[in-house]
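# Examination of the molecular architecture
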Amino acid sequence: MILPTTSSLSLTLDAFYTETSVTAAETEQFFLNGQLQDASATNKVQKFADLFRELAGSTQPLKIESTNFVPTAAGLASSASGLAALAGALNMYFDLALTTSELSRLTRRGSGSACRSIYGGFAEWTMGDDQTSYARPVADDGWHNDLAMIFILLDATEKKVSSRVGMKRTVETSAFYPAWITSSATDLVAMKAAIAKKDFQRLGEITEASTLKMHGTTLAAVPPFTYWNGETVTAMAHVQQLREQGFPCYFTMDAGPNVKVLVEKKNQAAVLDYLRNFYTQEQLVTATAGPGIEMWKEE
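Residues numbered from 1 in each chain as written. Predicted model: local features only at pLDDT ≥ 70, side-chain atom pairs only at ≥ 80, totals over all residues. Heavy atoms only, no water.

Going by what an unreviewed UniProt entry lists, the protein is known as diphosphomevalonate decarboxylase and is assigned to Enterococcus canis. Listed in UniProt under the heading Sequence similarities (unreviewed entry), the comment for the protein reads: "Belongs to the diphosphomevalonate decarboxylase family." (UniProt positions renumbered as here; feature names shortened; annotations may be inferred.)

### Let's talk about the UniProt feature "domain: Mvd1 C-terminal" (unreviewed entry) in the protein
Per the UniProt annotation, the sites labelled "domain: Mvd1 C-terminal" (unreviewed entry) are residues 152-284. Across residues 152-284, helical content stands at 59% and strand content at 9%; the span's end C-alpha atoms are separated by 5 Å. (Helix = DSSP H or I, 4+ residues; strand = E, 2+ residues; numbered from the N terminus.)

### Here we look at the packing of aromatic side chains
Applying the stated criterion to the full structure yields nine aromatic pairs. With centroids separated by 4.8 Å and ring planes inclined at 70°, the aromatic side chains of Phe 16 and Phe 151 adopt a geometry described as edge-to-face. Note that Phe 16 is positioned in the loop between strand E1 (8-11) and strand E2 (18-24) and Phe 151 in strand E8 (residues 147-152), a separation of 135 residues in sequence. In terms of burial, Phe 16 and Phe 151 fall into one category: buried. In this arrangement the basic side chain of Lys 63 is found over the ring face of Phe 31, its NZ or CZ atom lying 5.3 Å from the centre. When the ring centre of Tyr 134 is taken as origin, the NZ or CZ atom of Arg 136, which lies over that ring, is 4.0 Å away. (Phe/Tyr/Trp six-rings, centres within 6.5 Å; stacked < 30°, edge-to-face > 60°. Buried < 20%, exposed > 50% of the residue type's maximum accessible area, 1.4 Å probe, protein only. Lys NZ or Arg CZ within 6 Å of the ring centre and 35° of its normal.)

### A closer look at the confidence of the model for the protein
For the protein, the mean per-residue pLDDT works out to 93, and 97% of the residues sit at or above 70. Here helix H4 (residues 163-173) stands out as the element of the protein with the lowest mean pLDDT, 91, in contrast to strand E9 (residues 249-252), whose mean of 98 is the highest. (pLDDT = per-residue confidence, 0-100.)

### Focus on helix H2 (residues 78-93)
End to end, H2 covers 22 Å across 16 residues, agreeing with the expected 22 Å (1.5 Å per residue, within 8%). Here H2 lies mainly inside the structure; 13 of its 16 residues are buried. The positive-phi residue at the C-terminal boundary of H2 is Asp 95, with phi of around 50°. (Expected span 1.5 Å × (residues − 1).)

### So, the packing of helix H1 (residues 39-56) against H2
Direction vectors running N to C along H1 and H2 enclose 40°, while the axes themselves pass 10 Å from each other. Classified by the angle their axes make, H1 and H2 are oblique. At the point where H1 passes H2, the crossing takes the right-handed sense. On H2, the residues touching Val 45, Phe 48, Ala 49 and Phe 52 of H1 are Leu 83, Leu 86, Ala 87, Leu 90 and Asn 91. (Axes fitted to C-alpha atoms, helices over the stretch in contact; angles between N-to-C directions. Parallel < 35°, antiparallel > 145°, perpendicular 65-115°, else oblique. Left-handed = near helix turned anticlockwise from the far one by under 90°. Contact = heavy atoms within 4.5 Å.)

### With respect to the domain arrangement of the protein
According to the domain assignment, the protein contains domain 1 (8-137) and domain 2 (143-288). Centre-to-centre separation of domain 1 and domain 2, based on C-alpha positions: 24 Å. The interface is formed by 19 residues belonging to domain 1 together with 27 residues belonging to domain 2. Note on domain 1 versus domain 2: buried area summed over both sides is about 1,700 Å², and carbon and sulfur give 69% of it. The interface formed by domain 1 and domain 2 includes one salt bridge. Of the charged contacts, one joins Glu 124 and Lys 192 as a salt bridge, the two residues approaching to 3.0 Å between their closest N and O atoms. Joining domain 1 to domain 2, the criterion identifies two residue pairs in polar contact (both at pLDDT 80 or more). Breaking the side of domain 1 that touches domain 2 down by element, the ones donating at least two residues are E1 and strand E6 (122-125). Counting residues per element, the side of domain 1 that touches domain 2 draws most heavily on E1, which supplies three residues. The class makeup of the residues in the side of domain 1 that touches domain 2 is eleven nonpolar, six polar and two charged. (Domains from an automatic or database assignment. Buried area = accessible area lost by both parts, 1.4 Å probe. Salt bridge = Lys/Arg side-chain N within 4 Å of Asp/Glu carboxyl O. Polar contact = N/O pair within 3.5 Å; in protein donor to acceptor, adjacent residues only side chain to side chain. Nonpolar A, V, L, I, M, F, W, Y, C, P; charged D, E, K, R; others polar.)

### Quick word on the sheet that holds E9
Spatially, the four strands line up as an open sheet ordered E9-E10-E8-E11, and their pairing is antiparallel. Single-partner strands in this sheet number two, and they are E9 and strand E11 (284-288). For this sheet, the mean angle separating the axes of adjacent strands, direction not counted, is 25°. Here five bridges tie E8 to E11, and the two strands are oriented antiparallel to one another. Bridging across to E11, Ile 152 finds its partner in Leu 284. (Pairing = 2+ DSSP bridges.)

Right under this line is the structure:
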């Protein structure tokens, strides 16, 4: 059911996204970036599509074609983008007319983080049972449009420990995990208060502290592991140096080595100029707040 032990908050971005189409087929097929996928990958997608087939009362095999503008399994939220796009395409194909809440709830069954990507801007995924755990938009009077994110791409290869495997190991064995649960609840309340006040400094401080605590839980897992590499630590130091020079910005990371820098748009150019001293143009990708899923039918 992919039910979380904590609620969480995200910011949907425009730079990395997925385009997915669904058409009828004789047998189930799944193409990712133009390549026909093996039985394992196809089976995972098929099981997710079955949720929509059941609602539609259909047994129609499908051809699913997905183009991912996110490096897959590199800690850049490819599953969030990919499964949200697939959910939207299935909703459209079967003419289910699901509400965003209903769609978010179903999307959670494919990828927890994807349930937040149904929405643009800030979104909160609330913990609960199968009926109550889904994402909801977080109102901010458009403040998210003043924010930007700079991605420092350090390693786009597939992770040695997947997010799901790593999280399972952490939950079952990490001595730090119970403290993470407690602090996450407190952080979420503070985060939403910062958004309501449009307090960028507080938003950034909570973001940075939260990501460090989350990654700390993996170091206490059995066996221990980390998604960081040496370049990750160096990139975090660059962000701290920028703050010392008077440019408010804060790092965050999900389950991968790549570092994301949260910054206000008004300081984005200055932060980029500094980072170009250490990284190539290809390693630096800028993003602003993006829309949620967009659906259309081809005539």
